[in-house]
Amino acid sequence: MTIAETEIFMVPLNKLTISEKNVRKTNANDIDDLLASIPVFGLIQNLSVESTEKEGHFAVIAGGRRLRALKRLAKDKVIARDYPVKCSLAKAGAKGLSLAENFIRAPMHPADQFDAFKEQIDAGKTIEETADAFGVSPTIVKKRLKLAAVAPEIMKAFRKDEIGLNEVAAYTLTDDQERQRAVFKAMPKAASWQIKKALTEGNIPLSDKRVRFVTLEAYEAAGGGVICDLFAERGDDAYLTDAALLDRLFAQRIEAVIEPVRAEGWQEVLFSSEGYYSISEKYRGRIYPTRREMTPEEQQQRDAMTEQLVALGVDAEVDPDNEELAAQWQELSDRIDAMTPEVYDPEEMAKAVAVACFDYNGNLTIHRGLTVKNGNTRSEAKTGPKVDAEGIELPGAAMQEELAAVRTACVAADLAANPKIALVATVHALAAEAFSRYGGHSACQISLDRGHPEQRIANKEMRPLVAIETALAAKREAAPKNPGDWWGYFLAMDETALLEHLAVFTAISLKAFNPFGGAAVRVQADALAEALDSRPERWVTLSDLEFLRRTKKSVILAAVERVKGKDRATNLSGMKKGDLVERATAELDGLWLPASLSAFASEADRQKAGAPYCDPVFDDAIEDDELDEEELDGDDTLPEAPE
C-alpha cells in the first residue's frame, strides 16, 4: 500500500477558486459557523488544491465551504484579499480526495460538544462571546450548558446510546442532579414526556387557564418560582412551582370580578371551574334583558368611539391589506356593539344566578340570568327511566344521535316543500338575534349580522337611521317579552306580516361600506339599490351630511361650479372656509350630493366582480368540447373534490 504524499504551502486568497471536482454541492453556501469561527481561531484545517492552467493559481477540491467563508470575510474587509491560506497539493485522485474529506469523517458526539461549550464558559468566556466564536445563538449555548449539567449517570447512558437526546433534554427541567438520578433510576427507559411529567409533578403548566387569568407577570411579582423548559418545541415552555400562591392569586382576582356582579342583584353569583356545557346541564332556563336608552355619558363615549372607528376605516381604505388595522377596526366595532345597554327585571334577577367560567379559549365569561327550569336539572332527569315513550329501552348514545339526525333530515325535507313554514322559521331565527343579543332560540342555523351603518355616520339623527331603528323598535315592542313565545307569535302571522318582519331584519343586516369587504359585495349592493329604485336624495340633504364642513375648499368650489356655474364659484373663492361652507350649503342644499352616494362599487370593482369564477369543486366553466381527445384517453375517473 502506498501512502499519498502531500505538500503544505501558502497561497494568496485571491488566487484560489472552487474546483469543479469538489463533490459538495448541497449546503455549500451554509458558512455562518465558519464566518464566526475563522476570525477567532483561524483556519484550523488546510485546503486541498490542485494546479490550474494559470500559473500561481489553484483550484480547491476539498474545503469549498472554508474558501467561501474566507472570500466573504475578505469582501467584508475582515481579512485582506491576499490573505495567505494554508493549502496542501493533491498529487492524484482529486475527485476521490474531495469525496474522502466530505464522507470519511466521524461526527462529534453531542455529549462531547456539551462538555466543550462548558469548558469555554469555565475558562472565563461569556455566553455571548462563546456564541459569537462558534456562529450560534446565545440560546444554543445556554441549551448546551444545560445539557452538560445533567447527572453523569444519565450522560453515560446517552454516550452508550441507551437513551436519546430528547430524553437527556427532558432531565434539564431541574438542576437537582439527585432528583434527575431518582427519576432515571425509577424509569431508565422512560420517554421524554414521561420524564417531564415526573420532574414537574405538583407544578402548574403555563397553559393552565388559571395562569392565563392571573398572568405570569403577576405571579412572578408575588414571588412565585418558574421552571423554564429551553427545549420545549410544542406545548408548555414553563412551569409554575408554587401552586398555593397561584390558587391564592386566582381566588383574589376571581373575587374582584365577581364582587361587582353580586351588586347587580342576582340570587347568587359563583365561579365554576367547569365549562359552560356543564353549567347548562344544571341551569336549563334563562331570563333575558330588555334594551334601554343610553345615558348622555354613554352616548358621548359611543360617539367618541364611533369617530375613532371612522378614522380607522379611512386608514383601512388606504391600506386594505393591513391585517393589524383590520383587527383594530373589528375589535372597536365589537366594543361599540357591546355598548348597547340592556337591563334585567329586578324581580326576575332575584330568582336567577350569574355564573363565571372559562370558555374554550381560556377567557373568563359571565353568564347572567341562568335559572333551574321547572325546579329540575338535566342531571336529575338522567336518573329517570331509560325507556322511550312506548316503554322500550332506549338505544345507546351514538344510535340516539343518528336517529336524531335522521329526524332532522326528514323535517328538513318537509320544510323545503313548505315555503310558509320556512318563512316562519327564517323570521323566527332572525328575530331571536334582532330582539336579543343572546340568540340561541332557533333550531335553524340562520344568523343575523347587523351592518350598523350608524357607527360610521356622524349625524345620528339622520332620517334613514331613525327610520331603520324605529321599524325595528316597533317590531320588537309588538313581540312577546318571553322568547319562548316567539315561535307561536310568528306561526300565527299571515305571510304579509312575516315578509314585513323579514324586510326589517334583512335591512339591518345590509353592510356594503366595510373597507374590508369584497368587490362582489359592493356590486351586489348596487344591484339591490337599483332593484329598490333607492335614491339618496329622498332621505338626506347636504345639511344632514355636514359634508362641506369636512372637505377641502377646492371640493366645495368645484361643487358650486357644477351646479351654479364657474362665475358663481369664482365669486365665492375669496371667502374664508367657515363662511364658504355656510353659503355653499345654503345654495346647494337640495340640488347636489356627493357622487359617492350614487354607487358603492367603482369601475374596478365591477370589472373584478364580472370576471368568471370557477368553483374548485363544481367547476362547470369548462365545456366538454374544450377537452381534447388526448385528455379523454387517459384516466376517466373524476378528480376528488378538495377537502
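Residues numbered from 1 in each chain as written. Predicted model: local features only at pLDDT ≥ 70, side-chain atom pairs only at ≥ 80, totals over all residues. Heavy atoms only, no water.

A. View of unusual backbone geometry. The phi angle at K77 is positive, at roughly 65°, despite the residue not being glycine. You can see K77 is positioned in the loop between α2 (64-75) and β5 (84-89). Look at K77 and you get exposed, because its relative accessible area is 76%. In the Ramachandran plot, D161 falls in the positive-phi region, its phi being about 65° despite a non-glycine side chain. Tracing the backbone shows D161 in the loop between α7 (152-159) and α8 (165-171). (Helix = DSSP H or I, 4+ residues; strand = E, 2+ residues; numbered from the N terminus. Buried < 20%, exposed > 50% of the residue type's maximum accessible area, 1.4 Å probe, protein only.)

B. Fine view of the packing of helix α4 (residues 110-122) against helix α6 (residues 138-148). It is the contact of α4 with α6, at a shortest axis distance of 8 Å, that shows an interaxial angle of 105°. Put simply, α4 runs roughly perpendicular to α6. Between α4 and α6, the contacting residues are Q113, F114, D115, F117, K118 and I121 on the first element and V141, R144, L145, L147 and A148 on the second. Class assignment of the residues belonging to the contact of α4 with α6 gives a composition of seven nonpolar, one polar and three charged. (Axes fitted to C-alpha atoms, helices over the stretch in contact; angles between N-to-C directions. Parallel < 35°, antiparallel > 145°, perpendicular 65-115°, else oblique. Contact = heavy atoms within 4.5 Å. Nonpolar A, V, L, I, M, F, W, Y, C, P; charged D, E, K, R; others polar.)

C. Geometry of the sheet that holds strand β1 (residues 7-12). The strand order β1-β5-β3-β4-β2 describes an open sheet built from five strands, whose pairing is mixed. With partners counted over all chains shown, the strands left at the sheet margins are β1 and β2 (16-18), one partner each. On average, adjacent strands in this sheet sit at an angle of 50° to one another, irrespective of strand direction. The sheet contact formed by strand β3 (residues 47-51) and strand β4 (residues 58-62) spans four bridges and is antiparallel. Among the inter-strand pairings, S48 is bridged to a residue of β4, identified as A62. Each of β2, β3, β4 and β5 is contacted by α2, which is oriented at about 125° to β2, the strand it contacts most. (Pairing = 2+ DSSP bridges.)

D. Seen up close, the pattern of salt bridges. Under the counting rule described, the total for this entry stands at ten salt bridges. One salt bridge connects D208 with R210, and the closest N-O pair in it is separated by 3.0 Å. With relative accessibility at 22%, the residue R210 sits in the partly exposed group. The partner of R568 in a salt bridge is E587, with the nearest N and O atoms 2.5 Å apart. (Salt bridge = Lys/Arg side-chain N within 4 Å of Asp/Glu carboxyl O.)

E. Main features of the pairing of β4. Within β4, five of the five residues are buried, which leaves the element mostly enclosed by the surrounding structure. Linking β3 back to β4 in an antiparallel pair, the connection comprises six residues, with G56 at a positive phi of about 85°.

F. Main features of empty space enclosed by the protein. The full count for this structure, using the stated rule, is one cavity of 30 Å³ or more. Empty space within the largest cavity amounts to approximately 40 Å³. Taken together, K146, A149, V150, Y171, T172, T174, D175 and Q180 form the lining of the largest cavity. For the lining of the largest cavity, the residue count by class is three nonpolar, three polar and two charged. (1 Å grid on protein atoms, 1.4 Å probe; cavity = no way out; pocket = protein on both sides within 12 Å on 5 of 7 lines; lining within 4 Å. Points joined across faces, edges and corners; volume = space filled by probe spheres on them.)

G. Representation of a negative patch on the surface within the structure. A surface patch of like charges, here negative, comprises D315, D319, D321 and E323. Residue position: E323 is located in helix α16 (residues 323-338). (Patch = residues over 30% accessible without salt bridge, like charges linked within 9 Å, V, L, I, M, F, W, Y side chains within 5 Å. Areas by Shrake-Rupley, 256 points an atom, 1.4 Å probe, with all protein chains shown as cover. Lys, Arg positive; Asp, Glu negative; His and termini not counted. Charge placed at Lys NZ, Arg CZ, Asp CG, Glu CD.)

H. Representation of the nonpolar core in the model. Counting 24 residues, the largest nonpolar core has I154, M155, F158, I163, V168, Y171 and I195 as the members making the most contacts within it. If you list the elements that add at least two residues to this core, you get α4, α6, α7, α8, α9 (177-186) and α10 (192-199). Counting 22 residues, the second largest nonpolar core, distinct from the first, contains L16, L34, V85 and C87. (Core = buried A, V, L, I, M, F, W, Y, C linked by side-chain atoms within 4.5 Å.)

I. Representation of helix α28 (residues 577-588) within the structure. Between the first and last C-alpha of α28 there are 16 Å, a value that for twelve residues agrees with the 16 Å anticipated at 1.5 Å per step. Listing the buried residues of α28 in full gives L580, V581, A584, T585, E587 and L588. Take α28 and look down its axis: the buried residues cluster within an arc of 165°, on one side only. Facing away from the buried surface of α28 by more than 90 degrees, the exposed residues are G578, E582 and A586. On the buried face of α28, the contacting elements are α25 (542-545), α26 (553-564) and α27 (566-572). (Expected span 1.5 Å × (residues − 1). Arc of directions from axis to C-beta.)

J. View of the packing of aromatic side chains. Considering all chains together, one arrives at ten aromatic pairs under this definition. Aromatic side chains F9 and F58 sit 5.3 Å apart centroid to centroid with 55° between the ring planes, which places their arrangement in the tilted category. Remark: F58 occurs in strand β4 and F9 occurs in strand β1; sequence separation between them is 49 residues. Each member of the pair, F9 together with F58, is buried. With centroids separated by 5.0 Å and ring planes inclined at 75°, the aromatic side chains of W266 and Y344 adopt a geometry described as edge-to-face. Of this pair, W266 sits in the loop between α13 (243-262) and β9 (268-271) while Y344 sits in the loop between β12 (342-343) and α17 (346-349); the two residues are 78 residues apart in sequence, bridging distant segments of the chain. Across the pair, Y344 and W266 agree in class, each one buried. (Phe/Tyr/Trp six-rings, centres within 6.5 Å; stacked < 30°, edge-to-face > 60°.)

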